[in-house]
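# Per-entry structural report
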Amino acid sequence: GGGGGGGGGGGGGGNQTLVTDTVVVYLHGNSSCRVDAIRTGVLETVGPLGASLVAFDFAGSGLSGGDYVTLGWHEQHDVGTLVTHLIAQGHKKVALWGRSMGAVAAILYSHSSDYIAHPPVALVLDSPFASFPRLVDDLIKKVPLALRMPYHQRRCPAIRPLRPRQANLSQPNGSPPTGRDPRAAHCCAYSLEHGP
């Protein structure tokens, strides 16, 4: 008969969430947000493959809280947390599609212990930056000439690499942070499910 019961094609029960074997996680770039997955055609590429697409806002982006991004450093932990969650939800294959900062977060994640436990089946790395100092130089070139500091001041010591402890990027025991750091407790994830 009618609607409401647990019959129908294959599954029964109250919670009938569609879980595909494969999910693609879109990792947006700096000065962007999860909606970039729609604007850039990622949804149109992933949808016909029968995979789910998950996009979320990193801290300091879109609808998430936070005042700044770390260009991949803290964002790598958001990636690890989300991959672990998706696998726990029943997805067997997780692929990462990162653009710019998101690509760097995926690269940094690929060097973490979370990656060893849950390696993605694929990495799509669109436009990651090659080096942080070069990125800073490129960003400074966009600033009006009158506001720029002299080149030698940019090189040292005004902009210098920070060790994790100096930047408060490690835990008291000296190890890197695990899971999502406190400023990342904001991720707004959504999933666009596509059936086979």
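Described in the following lines is the structure provided in the data block.

Conventions used here
Residues numbered from 1 in each chain as written. Predicted model: local features only at pLDDT ≥ 70, side-chain atom pairs only at ≥ 80, totals over all residues. Heavy atoms only, no water. Helix = DSSP H or I, 4+ residues; strand = E, 2+ residues; numbered from the N terminus. Areas by Shrake-Rupley, 256 points an atom, 1.4 Å probe, with all protein chains shown as cover. Buried < 20%, exposed > 50% of the residue type's maximum accessible area, 1.4 Å probe, protein only. Polar contact = N/O pair within 3.5 Å; in protein donor to acceptor, adjacent residues only side chain to side chain. Contact = heavy atoms within 4.5 Å. Salt bridge = Lys/Arg side-chain N within 4 Å of Asp/Glu carboxyl O. Core = buried A, V, L, I, M, F, W, Y, C linked by side-chain atoms within 4.5 Å.

Moving on, we come to the overall build of the protein chain. Within the protein chain, the regular secondary structure consists of seven helices and five strands. In sequence order, the secondary structure elements of the protein chain are arranged as β-α-α-β-α-β-α-α-β-α-α-β. Summed over its atoms, the accessible surface of the protein chain is roughly 11300 Å², and 58% of this surface lies on carbon and sulfur atoms.

Relative to the helices and strands, Ser32 is located in the loop between strand S1 (22-27) and helix H1 (36-39). Looking at Ser32, the relative accessible area reads 15%, which means it is buried. At 3.4 Å, the side chain of Ser32 forms a polar contact with the side chain of Asp36. Those residues in contact with Ser32 that lie beyond four places of it in its chain are Arg39, Ser61 and Gly62.

So, about the pattern of salt bridges. Tallied over the full model, the rule gives two salt bridges. Ionic pairing is found between Lys92 and Asp21, a salt bridge with its closest N-O pair at 3.7 Å. Of this pair, Lys92 sits in the loop between helix H3 (75-88) and strand S3 (93-99) while Asp21 sits in the segment before S1, and the two are 71 residues apart along the sequence. Note on Asp21: relative accessible area 40%, which makes it partly exposed. Ionic pairing is found between Asp57 and Arg34, a salt bridge with its closest N-O pair at 2.3 Å. With Asp57 in the loop between strand S2 (52-56) and H3 and Arg34 in the loop between S1 and H1, this pair connects stretches of sequence that are 23 residues apart.

Membership of the largest hydrophobic core comes to 18 residues, with the highest contact counts inside it found for Val25, Leu27, Phe58, Val79, Leu86, Val94 and Leu96. Elements with a minimum of two residues in this core: S1, S2, H3, S3 and helix H4 (101-109). Discounting residues that sit within four places of it in the chain, Leu86 has contacts with Val23, Val25, Val54, His91 and Val94. Counting ten residues, the second-largest nonpolar core is a separate cluster that includes Val24, Ala37, Leu53 and Trp97.

Along the chain, the position of Glu75 falls in helix H3. Within the structure, the side chain of Glu75 is placed 2.8 Å from the backbone nitrogen of Gly72, a separation counted as a polar contact.

Any functional reading would require information that these geometric values do not contain.
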